[in-house]
Structures are given as structure tokens and as C-alpha cells.
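Given next are the chains, with one letter for each unit.
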Amino acid sequence: ELEFGLNGVATTTSLEYAQIDYLGFESFQIIAGKFLLPFGTFSERIHPSWINKLPTGPVLYGHAHGGVAEDGLLPVLSDAGVQLRFTHPFSSTWSLDITGFVTQGPSLGEVDDHDDGEEEDDHGEEEDDHGEETPAPAVAFGTSFGDNNSNKMVGARVGLVKGPAFEVYLSGFHALYDSEGLLDYRAAALSVEWRRSGFEFRGEGLLTRQEFQREDRFVDQNRSGFYAQVSKRVGKWEPVVRWGSLADATVDTEAVIDGHNEIAMGLAYWFQPSIPLKLSWEIHEDRDDRLYVQWAFGF
């Protein structure tokens, strides 16, 4: 997947993923290249606009600029490396799904200028509207094929699947993100999907722990959040409701970034399985309500 954009009069390009899959084994798959990480389910399966039932992503996953999440815990995750998938059927309907991956891992990142009331100081740290310092530095994921240290990101996802009706996954990863290889970043996610007679429930909870240096000691910034989404397909129409919440980010039990809640109510019309027209109303407690209209094509 290639992305194209404009920066002034210049055209910018970025590579979200390009991978090779070897499917010659009965139970195993080997994948190499730059791929969407099998962490949770949204990044790998749901985020493309012709699949996502709403025009926007949940609060867990921010808009990525240079691989850095803005207004979320993580960007849509992709990175260069190798992954191994294994599927073991227990019966005609139940199966065990295990995926492990090793990639280059994250690095210290910079957030582009944006109009959400935040600004960066000389050290790359953000300040919020009240002038309070957000101590943890930005972390970038999958920004290039270079690596800033010898450490690798190691992660896995374990799932229990019942045909197309039910899926539950537990995911996690660990990596060091600074050039000296001292500061670690850990994350865990629980994902659930359930479908029946056109009704679909989808939910995901996420925990992150980022280590950084404050004065003369190392501390952790802890962040968490979740989203839950329900939809019901009626012919070519599909109403959708999604509720997402981010808890306060804490360092030594002290809140350093305020949490927030978000509700999105939408309606999609599916001209074809990969051509939806979507309308949604998004209520966010920290900004004005927004109306989105999106027409997406998958090809």
C-alpha cells in the first residue's frame, strides 16, 4: 500500500506495507517485508477506509504523521521484519491462531505541527493548553527501513476463533526505542469480535507503558483506553455506533495527560462489498462535534 500527499507544491509518498507471504506449509505461514503488525485487530484488518464502517478510526489509534500517533495511544502499526503464523483446528468450528513477529522496532519521533492547541518545546516534548509539560517523548513506529539501535521489537498475538462468528485475541509487544537501547516501550491489547445475523460487535482494550528519564531517574508513563462498536446490516444499509475512551496518562500515579471520551454514530450504504458511502456524527468532549462524509473504494 502506497500513500500519496501534498506538502506545499511537492508530492510526498510513503510505504505503509509491502510484504511477501509464503503459504507452502499446511499450518504455517511465513511473512517478510514491511507489514501491518498483528497487534490487536484494527491496524491489521479494519483501518482501510473501504473496510472501516466509519470514516474515522477509534480513539486508540491516532492519525500517524511520521509514524507518531496524534490524539491516540498508537498509530496504525506497520514495521519491517518477519512474522510467523500458525493455525491449529480443535474441531470443525474452533481453532487456535498464534502469530509471532520480530521487527526493527520504534524510535524517538517528532510530531508535526498541528492545530490542536499543543506545541513542542526545544527538547521535542509537548506542552498542553495549560502549559503543563508532557514528559514522555514521542515514539515513532515503522518510519523507515533504518534502525536506531540493535534491539528489535518482539511481539505475539494469540487468538481463539470460532468460524466467522466469534474471535478473541490477546496481543503484546516489547521494544527499546532510544538510540542507546535503554528505554523500553511495552503494550498489550485484548480484542473481541462477535457476529450473528448481520449484527456485529467489535471491541478492543489497550495498555501502554513507556519508560523515559526524568531528571536523574527512570519512570514509566502509563496509558490505557478502549473502544466498543456495534453495527447491524440491513440490506445495503448499516447503522453503526462506536464509543471510545482514553484514561488519563499517569507518571508516578500523577495525571500528566487528560483522558477523553468519544461517541460516533454513523450510517453506511454499501454499493458493493468494497464501495461504501458513509455518514457519521462524532461527539468529542474536548472539541466541537464533527460531521463526516466519506465515499471509499477498495480495489
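Anyway, here's the lowdown on the structure attached to this text.

Digging into the overall build of the protein
In step 1: Check the secondary structure of the protein and you find one helix and 24 strands.
In step 2: The buried share of the protein, taken over its 299 residues, is 41%.
In step 3: Taking the intrachain contacts of the protein between residues at least 6 apart in sequence as the baseline, contacts between residues at least 24 apart amount to 53%.
In step 4: Only carbon and sulfur atoms are counted for the fraction: they give 57% of the accessible area of the protein, which is about 15900 Å².

A look at unusual backbone geometry
In step 1: Positioned with a positive phi, Asp 252 is a non-glycine residue whose angle comes to about 55°.
In step 2: With respect to the helices, strands and loops of the structure, Asp 252 is situated in the loop between β20 (249-251) and β21 (254-257).
In step 3: Classification of Asp 252 as partly exposed rests on a relative accessible area of 42%.

Points about the packing of aromatic side chains
In step 1: The final tally for this structure, using the stated rule, is 14 aromatic pairs.
In step 2: Their ring planes at 80° and their centres at 4.9 Å tell us that Tyr 269 and Phe 271 sit as a pair that is edge-to-face.
In step 3: Judged by relative accessible area, which is 23%, Tyr 269 ranks as partly exposed.
In step 4: What makes Phe 271 partly exposed here is its relative accessible area of 34%.
In step 5: Members of the aromatic cluster, each reached through a chain of ring pairs, are Trp 237, Tyr 269, Phe 271, Trp 295 and Phe 297.
In step 6: Its end group placed over the ring of Tyr 169, Arg 157 keeps NZ or CZ at 5.0 Å from the ring centre.

Notes on the nonpolar core
In step 1: Phe 39, Leu 74, Phe 141 and Phe 173 are the most contacted members of the largest nonpolar core, which has 32 residues in total.
In step 2: Looking at this core, the elements that each hand over two or more residues are β4 (28-36), α1 (42-46), β15 (166-176), β16 (184-196), β17 (199-214), β18 (217-232) and β20.
In step 3: At three residues, β16 tops the list of elements feeding residues into this core.

Comments concerning the pattern of salt bridges
In step 1: Applying the stated criterion across every chain, the model contains 18 salt bridges.
In step 2: Ionic pairing is found between Arg 287 and Glu 262, a salt bridge with its closest N-O pair at 3.7 Å. With Arg 287 in the loop between β23 (275-284) and β24 (290-295) and Glu 262 in strand β22 (residues 260-272), the pair connects residues that are 25 residues apart, well separated along the chain.
In step 3: Relative accessible area serves as the criterion here: at 27%, Arg 287 is assigned to the partly exposed category.
In step 4: A relative accessible area of 7% places Glu 262 in the buried class.
In step 5: One salt-bridge network, in which partners are shared between bridges, spans Glu 44, Arg 45, Arg 85, Arg 157, Glu 167, Glu 193, Arg 195, Glu 200 and Arg 202.

Topic: the environment of Arg 290
In step 1: Here Arg 290 shows up in strand β24.
In step 2: For the pair Arg 290 and Ser 280, spaced 10 residues apart in sequence, the C-alpha to C-alpha distance is 8.3 Å.
In step 3: With residues up to four places along the chain from it excluded, the contact list for Arg 290 reads Ser 280, Trp 281 and Glu 282.
In step 4: Side-chain polar atoms of Arg 290 contact the side chain of Tyr 292, separated by 3.5 Å.

Here we look at the side chain of Ser 231
In step 1: Note on placement: Ser 231 falls in strand β18.
In step 2: Of the residues examined, Ser 231 reaches a relative accessible area of 3% and is grouped as buried.
In step 3: Aside from chain neighbours lying at most four places away, what touches Ser 231 is Lys 53, Gly 198, Phe 199, Glu 200, Glu 238, Pro 239 and Val 240.

Criteria and thresholds
Residues numbered from 1 in each chain as written. Predicted model: local features only at pLDDT ≥ 70, side-chain atom pairs only at ≥ 80, totals over all residues. Heavy atoms only, no water. Helix = DSSP H or I, 4+ residues; strand = E, 2+ residues; numbered from the N terminus. Buried < 20%, exposed > 50% of the residue type's maximum accessible area, 1.4 Å probe, protein only. Contact = heavy atoms within 4.5 Å. Areas by Shrake-Rupley, 256 points an atom, 1.4 Å probe, with all protein chains shown as cover. Phe/Tyr/Trp six-rings, centres within 6.5 Å; stacked < 30°, edge-to-face > 60°. Lys NZ or Arg CZ within 6 Å of the ring centre and 35° of its normal. Core = buried A, V, L, I, M, F, W, Y, C linked by side-chain atoms within 4.5 Å. Salt bridge = Lys/Arg side-chain N within 4 Å of Asp/Glu carboxyl O. Polar contact = N/O pair within 3.5 Å; in protein donor to acceptor, adjacent residues only side chain to side chain.

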